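Fold and contact review
Residues per chain, in single letters:
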Amino acid sequence: MQVIINTIINPVKFILKRKVVFPVFIVFVFAFVSCGKRSDEVKQDQTQKKEFGWSEDLSGISIPDYAIRGMINGKEVQIAYVNFEKWRGSNDNVINFSLVKPAQNCGFIENFEGFTLLKKGGEIKQGNWGKVKFTDSPDTYQAFYKSAGNKSAVDWNCSLELESISDKTAKGKIAMFFNDNSKSWIAGKFEAVICNN
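Below: a short report on this structure. No experiment lies behind these values; they were computed from the predicted model shown.

Under the defined criterion, the tally for this structure stands at eight aromatic pairs. Members of the aromatic cluster, connected to one another through ring pairs, are Phe-115, Tyr-145 and Phe-178. The ring of Trp-156 carries Lys-131 above its face, with NZ or CZ at 4.8 Å from the centroid. Positioned over the ring face of Phe-144 is Lys-151, at 4.2 Å from the centre of the ring.

Within this model, the largest pocket holds a volume of roughly 360 Å³. In terms of lining, the largest pocket is formed by 16 residues, of which the most central are Glu-85, Asn-96, Phe-108, Ile-109 and Phe-112. Within the residue set of the lining of the largest pocket, elements represented by two or more residues are strand E3 (81–86), strand E4 (93–98) and strand E7 (141–147). Its residues assigned to classes, the lining of the largest pocket shows eight nonpolar, six polar and two charged.

What follows covers the pattern of salt bridges. Counting across every chain of the model gives three salt bridges. The partner of Lys-173 in a salt bridge is Asp-65, and the shortest N-O contact between them spans 3.0 Å. Of this pair, Lys-173 sits in strand E10 (residues 169–178) while Asp-65 sits in the loop between helix H2 (21–51) and strand E1 (69–72), placing them 108 residues apart in sequence. The partly exposed category is assigned to Asp-65, whose relative accessible area is 43%. A salt bridge links Lys-120 to Asp-92; its shortest N-O distance comes to 3.6 Å. Taken together, the residues Lys-120 in the loop between strand E5 (114–119) and strand E6 (127–131) and Asp-92 in the loop between E3 and E4 connect sequence positions 28 residues apart. The exposure class assigned to Lys-120 is partly exposed, which follows from its relative accessible area of 42%.

Phe-97, Phe-115, Leu-117, Leu-160, Ile-174, Met-176 and Phe-190 are the most contacted members of the largest nonpolar core, which totals 26 residues. Within the residue set of this core, elements represented by two or more residues are E3, E4, E5, E7, strand E9 (156–165), E10 and strand E11 (185–196). With near-sequence residues (within four places) excluded, Ile-174 lies in contact with Ile-63, Ile-68, Phe-97, Leu-117, Cys-158, Ser-159, Leu-160, Ile-186, Ala-187, Gly-188 and Phe-190. Judged by nonpolar contacts, the second largest core, of nine residues, contains Phe-52, Tyr-66, Phe-134 and Ala-175.

The rules behind the values
Residues numbered from 1 in each chain as written. Predicted model: local features only at pLDDT ≥ 70, side-chain atom pairs only at ≥ 80, totals over all residues. Heavy atoms only, no water. Phe/Tyr/Trp six-rings, centres within 6.5 Å; stacked < 30°, edge-to-face > 60°. Lys NZ or Arg CZ within 6 Å of the ring centre and 35° of its normal. 1 Å grid on protein atoms, 1.4 Å probe; cavity = no way out; pocket = protein on both sides within 12 Å on 5 of 7 lines; lining within 4 Å. Points joined across faces, edges and corners; volume = space filled by probe spheres on them. Helix = DSSP H or I, 4+ residues; strand = E, 2+ residues; numbered from the N terminus. Nonpolar A, V, L, I, M, F, W, Y, C, P; charged D, E, K, R; others polar. Salt bridge = Lys/Arg side-chain N within 4 Å of Asp/Glu carboxyl O. Buried < 20%, exposed > 50% of the residue type's maximum accessible area, 1.4 Å probe, protein only. Core = buried A, V, L, I, M, F, W, Y, C linked by side-chain atoms within 4.5 Å. Contact = heavy atoms within 4.5 Å.

Here it is in structure tokens:
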């Protein structure tokens, strides 16, 4: 017992004799404050992930800032690759959120699984676009997901915020929900590779 007490007291005596109390105190306070901030950030991120989920109405919903992810047929999925296709002939624009990454950017993905947002005969422009409710008109947009060879054919809603589009990448956030029995959805921020086809 005396050994344990000496192990604790001796370093304290050393610090006091050497007059290094103030610097040690400052380091301790800095470490404590830094850990507290990081802990708060982690808690906030975890809370946001838990609170965000499927919704039939996107009015007033903020798209989360975490990396893009989703649910298909009741299973959580991770998005491995996002591309933004611009088709010259048909002038279609497509954003694909794939569960697998092709061998090279803009390469063909056999048996594609993931989510797709398509604008027929028109450009998907920088800025905000939305189809707030399942019953709203999609205009020239289409959306679906593919899983195990099956393509969804249900109502959907979407909120898209495209922050920037360059020659090589498009950055933004999306929330898209499907009115299927398992309440499939995708949401979060993404960076897409531009593919000119």
